[in-house]
Amino acid sequence: MPHILVFDSGIGGTSVLTHIRNALPHADYSYVMDNQLLPYGLQSQQTIQQRLAALIKWSDRELRPVDIIVIACNTASTYALESTRQLTSVPIVGVVPAIKPAALASRAKHIGLLATPATSRNIYTQQLIQQFANECRVDLYQSTKLVELAEQFYWSGEIDHRQLVAEINLLKLASELDHLVLGCTHFPIIAKPLSESIPESVTLIDSGAAIARRVCTLLAQDSVVKEDTGQAHCLAIKQGTMNWYATAQQAHPVERPEITLINLAHE
């Protein structure tokens, strides 16, 4: 069975992990969160590149062979995807904002990108906009507060609606836009309360399903899984293992799978 490593600064990558596990429930998974430096949206490019390099070293030493790595973080992908690929022969899939599908779906030709400051300012993000949304108006909205709220919601099952509404009000979404790209993997975790706090005319869109399809395609090319493997086909197959790792103790003591602490600072 394939072994898939999913990485994020926190639990945001679980929004991508869910899509991948639905497509490949028989695979074995290792989920690594660098929550010691959460959120990545406030870190420098050099810091993120160093942490991804440390992840590769740790993975090579501590994990059984990995078939594919998913950097389930928009900031880490836009800052460090290419440099990290140079450090390993393992295929790496990054996550980038779903600008293209949003632009294609927009009737008003007016979309928004909701992301961390690092992602929205990144040159790669600007290139995506120029390449796939040059016929659209693209408004950029930045938030790290929503990352914090998503973390709280994941660990506690509750969200502070007052803080959520206050943050959305600060964003001042344009009334004309019809699609809002969730450019941080944390944001789909709070998609339901988020959608309830913005106009009904705005459709939220993220790249989770597309990333899962890409993972399946790459594994099929490497003959790790059959190309026609799909959710229905896999339901009868025994579910794979799921291991959790973090660089810092969780602040929310709730019943969750056992999480092993690791150190990426001295790799």
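- For the protein, the name recorded in an unreviewed UniProt entry is Glutamate racemase, with Pseudoalteromonas rubra as its organism.
- What UniProt states about the protein under its Function (unreviewed entry) heading is, verbatim, "Provides the (R)-glutamate required for cell wall biosynthesis."
- Database annotation for the protein, UniProt heading Pathway (unreviewed entry): "Cell wall biogenesis; peptidoglycan biosynthesis."

### Structural notes on the domain arrangement of the protein
Part 1 of the reasoning: Split by domain assignment, the protein resolves into domain 1 (3-95 + 208-225 + 234-261) and domain 2 (99-207).
Part 2 of the reasoning: Centre-to-centre, using C-alpha coordinates, domain 1 lies 22 Å away from domain 2.
Part 3 of the reasoning: Each partner contributes residues to the interface: domain 1 has 32 residues there, and domain 2 has 22 residues.
Part 4 of the reasoning: When domain 1 packs against domain 2, close to 2100 Å² is buried across both sides, 61% of that on carbon and sulfur atoms.
Part 5 of the reasoning: At the junction of domain 1 and domain 2, the tally comes to zero salt bridges.
Part 6 of the reasoning: Remark: the boundary between domain 1 and domain 2 carries eleven residue pairs in polar contact (both at pLDDT 80 or more).
Part 7 of the reasoning: When contributions to the side of domain 1 that touches domain 2 are tallied by element, the ones reaching two or more residues are α1 (14-23), α3 (74-85) and α10 (208-221).

### Remarks on unusual backbone geometry
Part 1 of the reasoning: Here the residue pair Leu38 and Pro39 is connected by a cis peptide bond, since its omega of -5 degrees sits within 30 degrees of zero.
Part 2 of the reasoning: Relative to the elements of secondary structure, Pro39 occurs in the loop between β2 (28-33) and α2 (45-62).
Part 3 of the reasoning: Phi at Lys109 takes a positive value of approximately 55 degrees, unusual for a residue other than glycine.

### As for the UniProt feature "binding site: substrate" (unreviewed entry) in the protein
Part 1 of the reasoning: Under the present numbering, the feature "binding site: substrate" (unreviewed entry) in UniProt falls on Asp8, Ser9, Tyr40, Gly41, Asn74, Thr75, Thr185 and His186. Of the residues just listed, which span 179 residues, no C-alpha pair is farther apart than 11.5 Å, and they cluster in one region.
Part 2 of the reasoning: Here Ser9 lies in the loop between β1 (3-8) and α1.
Part 3 of the reasoning: When sequence neighbours within four positions are dropped, the list of residues in contact with Ser9 reads Met33, Asp34, Asn35, Leu38, Tyr40 and His186.

Rules used throughout
Residues numbered from 1 in each chain as written. Predicted model: local features only at pLDDT ≥ 70, side-chain atom pairs only at ≥ 80, totals over all residues. Heavy atoms only, no water. UniProt positions renumbered as here; feature names shortened; annotations may be inferred. Domains from an automatic or database assignment. Contact = heavy atoms within 4.5 Å. Buried area = accessible area lost by both parts, 1.4 Å probe. Salt bridge = Lys/Arg side-chain N within 4 Å of Asp/Glu carboxyl O. Polar contact = N/O pair within 3.5 Å; in protein donor to acceptor, adjacent residues only side chain to side chain. Helix = DSSP H or I, 4+ residues; strand = E, 2+ residues; numbered from the N terminus.

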